[in-house]
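Coordinates in review
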Amino acid sequence: MTSPNPARTINVIRHGVPDDLPERKVLHAGPVSAVLENGDLRYVRFGDVEIVRRLYIAIRDRNWGTIAPRFSQYDVSDHGDHFRVDLAAENVSGDVDFAWSGFVEGSPDGTIVYAFEGAPRIPFYRNRIGFCLLHPSDLAGQPARTVTPEGPVSGSFPLAIAPHQPFLDMISIAHPAGEQAEATITFSGDLFEMEDQRNWTDASFKTYSTPLRLPYPVEVTPSDTIQQSVTIAIEGSPSSTSYSTLSEPQVSVDFDRKSVLPSIGFGAGRKGTISPEDMSRFRALKPAHLWVSIDLADPEWETQLSDASNRAIALVTSLDVSAIGRTSETGWSDLASAIGSLEVPLSRLFVFPPEEDPVTFPRTDLATHQQTIDAARSAFQDAGIEATIGGGTRAYFTELNRAQEFLPVDSLDAVTYTINPTVHAVDNLSLIETLSAQPETVKSAKAIIGDRPLFVGPITIQPPYNPNATGPPPVTPEDALPPAVDPRQLSLLGAGWTIGSIRRLAEAGVDGLTYYELYGWRGLSERRTDLSRRDLFASDAGQLFP
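Given the structure is predicted, the values throughout are model-derived calculations rather than measurements.

Digging into the overall build of the chain
Regarding its fold elements, the chain presents 9 helices and 27 strands. Over its C-alpha atoms, taken along the principal directions, the chain stretches across nearly 75 × 55 × 55 Å. Counting all 546 residues of the chain, 52% fall into the buried class. A separation of at least 24 residues holds for 68% of the contacts in the chain among residues at least 6 apart in sequence. Summed over all atoms, the accessible surface of the chain reaches about 24,400 Å², with 51% contributed by carbon and sulfur.

Okay, here's the thing in structure tokens:
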């Protein structure tokens, strides 16, 4: 029998890891306030109007992994109406080794400057090195003016989620800062462009350095010095003179407010035996369906389908199948035959084309094509099997958004996409912020698909795979968890995020949701045996996650 885990501290119970939450400090530059956290500026406000959601330095490896800084200098000089922060850090992980120093300075007139200079200490391949500035999603629909090398450009922050960059090659951008003021943000050291991060459920528009039209990854060496700065300046009068403070949150519950829950199911998870006791607990949740993903090019797909079917039978529910086709013309016929022999009802089948080899960017193999749905539907008709056959994307909403030119909406019985809140940032604040953007994806999806049923999932804290990788996934070291695993799965923070997600998506009008897996690191419950890395994922055998 597995003994209780001594690593289950109060911090682990609350937010998954033993570390204390990062220190936050409110700083003021005249009428402008900001929160300093781990070298990032967050919630930059002019009076009570948020101007910048977050400003930070991003070191992104060849697979878009973000390497966190380790600070050797972190000196804060706070003078009430002005401040200066001096920083020095290294970002080291795998083959990435980058060292930099910089400063953040806020003046009494409200101007804030963040600048850094750094260089690699060894050669490595990067996708991005430089500033990222997040504009709050509340700016949707607001006018904006940018300055580019070709001259000024006028436009607006998009209302519907934009599939492509709304602003390119920016030297600066200006936009309203309340009713009587305007903010101007100026960039140096590189060209900057903007993407609509609501595509990935970030509650922001992100302005970042190095345009994506340029090839990546790119090798950088110790001779490559990188210097950048961002200046935030505001002209006009604030709508309020109140400063930001870090106060205790106020929580209330309205028992009279009601809305209909969509159907909710869970991922079938990986192979292995689930005890009758655990299956009884899962059955008590009355899942609307059990979801399984199979790749018809994988020789083990029939076993995966059979295992998921047996679990669905034990849970007295139906099966949702997400299937990736194979180049062989018999792939969909083989799937139809296999599903026809199952003893569990099929609720929905979502079909996707074979994975490209080699993968090219931008990818088009993550979303359903007309020939994919036609081939699958024909195979099931030939087999005499009635099925609800849909598609969409097996990745983030952004892939659905970018597939509008070829997505066969009229041929789909249902539409799907996934949600993962940690595509761009993994910290707790960013995780919580994504809740407000989840219904935005539903709103934009419905504008694309009309009245077709929408099923969102799987919804997991970490992505189960990386659709944007430009190289093979790195081997997980013994002192780390796999990339798809997040210790907040077992925490109260994870529970609160899940409740918030269900509430937001239910109110947005989805037809069905799929969350997590049945058991294990990414599940609803821990396994009974063979627990590992318990210092990193501090669970107990059979523990129910919140």
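Read on for the rest.
A short note on helix 3 (residues 301-314)
For helix 3, built from 14 residues, the straight-helix expectation of 20 Å at 1.5 Å per residue is met to within 8% by its first-to-last C-alpha distance of 20 Å. Residues of helix 3 that are buried: Trp301, Leu305, Ala308, Ser309, Arg311 and Ala312. Down the axis of helix 3, the buried side of the element spans an arc of 165°, and every buried residue falls inside it. Structurally, helix 3 contributes buried residues whose contacts are with helix 2 (276-284), strand 20 (289-295), strand 21 (318-324), helix 4 (331-340) and strand 26 (512-519). Directly after helix 3, the chain includes valine 316, whose backbone phi takes a positive value near 55°.

Regarding the nonpolar core
Leu305, Leu319, Leu335, Tyr417 and Leu454 are the most contacted members of the largest nonpolar core, which has 61 residues in total. Those residues within four positions of leucine 305 in sequence are excluded, and the remaining contacts are Val292, Ile294, Leu319, Val321, Leu335, Ala338, Ile339 and Leu342. With 48 residues, the next largest nonpolar core counts Leu41, Phe131, Ala183 and Ile226 among its residues.

Here we look at the pairing of strand 3 (residues 40-46)
For a regular strand, side-chain orientation follows a simple rule: the groups alternate between the two sheet faces. With 6 of 7 residues buried, strand 3 lies mostly within the body of the structure. Across 5 bridges, strand 2 (residues 32-37) lies against strand 3 in antiparallel orientation. Residue glutamate 37 lies in a different strand from strand 3, and its bridge partner there is aspartate 40. Linking strand 2 to strand 3, which pair antiparallel, is a turn of 2 residues; within it asparagine 38 sits at a positive phi near 50°. With 5 bridges joining them, strand 3 and strand 4 (residues 49-61) adopt antiparallel strand pairing. Of the residues in strand 4, the one forming a bridge with leucine 41 is leucine 55. Counting the residues that bridge the hairpin from strand 3 to strand 4 gives 2 residues, and of these glycine 47 lies at a positive phi of roughly 65°.

Points about the side chain of arginine 54
Mapped onto the elements, arginine 54 comes out in strand 4. Polar side-chain contacts of arginine 54 include one of 2.7 Å to the side chain of aspartate 40. With sequence-adjacent residues up to four places away left out, arginine 54 is seen in contact with Asp40, Leu41, Arg42, Cys132, Leu133, Leu134, Ala425, Asp427 and Ser430.

Details of helix 2
Inspection of helix 2 places Asp278, Met279 and Phe282 among the buried residues, and these make up the whole buried set. For helix 2, the angular spread of the buried residues around the axis is 100°, confining them to a single face. Residues of helix 2 that are exposed and angled more than 90 degrees away from the buried face: Pro276 and Ala284. Looking at the buried side of helix 2, the elements it contacts are helix 3, strand 26 and strand 27 (523-525).

Parameters at a glance
- Residues numbered from 1 in each chain as written.
- Predicted model: local features only at pLDDT ≥ 70, side-chain atom pairs only at ≥ 80, totals over all residues.
- Heavy atoms only, no water.
- Helix = DSSP H or I, 4+ residues; strand = E, 2+ residues; numbered from the N terminus.
- Buried < 20%, exposed > 50% of the residue type's maximum accessible area, 1.4 Å probe, protein only.
- Contact = heavy atoms within 4.5 Å.
- Areas by Shrake-Rupley, 256 points an atom, 1.4 Å probe, with all protein chains shown as cover.
- Expected span 1.5 Å × (residues − 1).
- Arc of directions from axis to C-beta.
- Core = buried A, V, L, I, M, F, W, Y, C linked by side-chain atoms within 4.5 Å.
- Pairing = 2+ DSSP bridges.
- Polar contact = N/O pair within 3.5 Å; in protein donor to acceptor, adjacent residues only side chain to side chain.

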